[in-house]
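Coordinate analysis (summary)
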Amino acid sequence: MNWKGIPLKERSIKFKELSLGASHQDKLNLMENMYKDEAIYIVSCGPSLADIPKEKLLEKLGDKPVLTIKQAFGKVGDVSDIHHFNCNNFTNYDLKNTVSVASAGN
């Protein structure tokens, strides 16, 4: 897939369209190079996240590729492109335009 021709903030939406009904391996293959040569901002949960006003984060991250981890989605989910969560401690996320990735321990 040539992701370069698709605007940054539309790539997760396109991924969801293209991956509908695909196997997990096919989804991973499709995701390859999705943000190649781009700076991706990772927002994770932790006590320091509460110290930054939500509006400031949304302003800084709004036009950039954003990966959220676990409950950080609650803070900046409006601009999250990829969300990674732990399926052992599941929270119900509203992932309309976000690619979701789950991990499970062995």
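A short tour of the structure in this document, coming up. No experiment lies behind these values; they were computed from the predicted model shown. (Residues numbered from 1 in each chain as written. Predicted model: local features only at pLDDT ≥ 70, side-chain atom pairs only at ≥ 80, totals over all residues. Heavy atoms only, no water.)

1. Some words on the overall build of the protein chain
So the rule is basically this: Only DSSP runs of H or I reaching four residues or more are called helices, and only runs of E reaching two or more are called strands; each is numbered from the N terminus. Buried, partly exposed and exposed residues are distinguished by accessible area as a fraction of the type maximum, computed with a 1.4 Å probe on protein chains only: under 20%, between the cut-offs, and over 50%, respectively. In what follows, a contact means two residues having at least one pair of non-hydrogen atoms within 4.5 Å. Using a 1.4 Å probe, the Shrake-Rupley method yields the accessible areas, and only the shown protein chains count as cover for residues.
The secondary structure content of the protein chain amounts to four helices and four strands. From first element to last, N terminus to C terminus, the protein chain shows the α and β order α-α-β-α-β-α-β-β. The buried share of the protein chain, taken over its 106 residues, is 30%. Within the protein chain, residue pairs in contact and separated by at least 24 positions form 40% of the contacts whose partners lie at least 6 positions apart. As presented, the protein chain carries roughly 6,900 Å² of accessible surface, and 51% of it is formed by carbon and sulfur atoms.

2. A closer look at unusual backbone geometry
Of note, Asn33 is a non-glycine position whose phi angle comes to about 65 degrees, a positive value. Judged by its relative accessible area of 46%, Asn33 is partly exposed. Of note, the phi angle at Asp37 is positive, near 70 degrees, even though the residue is not glycine. The topology assignment puts Asp37 in the loop between helix H2 (24-31) and strand E1 (41-43). Judged by its relative accessible area of 65%, Asp37 falls in the exposed class.

3. Focus: the side chain of Thr68
Just so we agree on the cut-off: Polar contact is the term for a pair of N or O atoms within 3.5 Å; when the atoms are in protein, one must be able to donate a hydrogen and the other to accept it, and sequence-neighboring residues count only if both atoms are side-chain atoms.
By the secondary structure assignment, Thr68 is in strand E2 (residues 66-69). For Thr68, a relative accessible area of 0% translates into the label buried. A polar contact is formed between the side chain of Thr68 and the side chain of His83, at a distance of 2.8 Å. Excluding residues within four positions of it along the chain, Thr68 makes contact with Val43, Phe73, Val76, Ser80, Ile82, His83 and His84.

4. Some points on the pattern of salt bridges
In plain terms, the rule: Here, a salt bridge means any side-chain nitrogen of Lys or Arg that lies within 4 Å of a carboxyl oxygen of Asp or Glu.
A complete count under the given rule lists five salt bridges for this structure. Linking Asp37 and Lys4 is a salt bridge whose minimum nitrogen-to-oxygen distance equals 4.0 Å. Taken as a pair, Asp37 in the loop between H2 and E1 and Lys4 in the segment before helix H1 (11-19) lie far apart in primary sequence, 33 residues in all. Among the residues examined, Lys4 registers a relative accessible area of 46% and is labelled partly exposed.

Read these as geometric descriptors, not functional statements.
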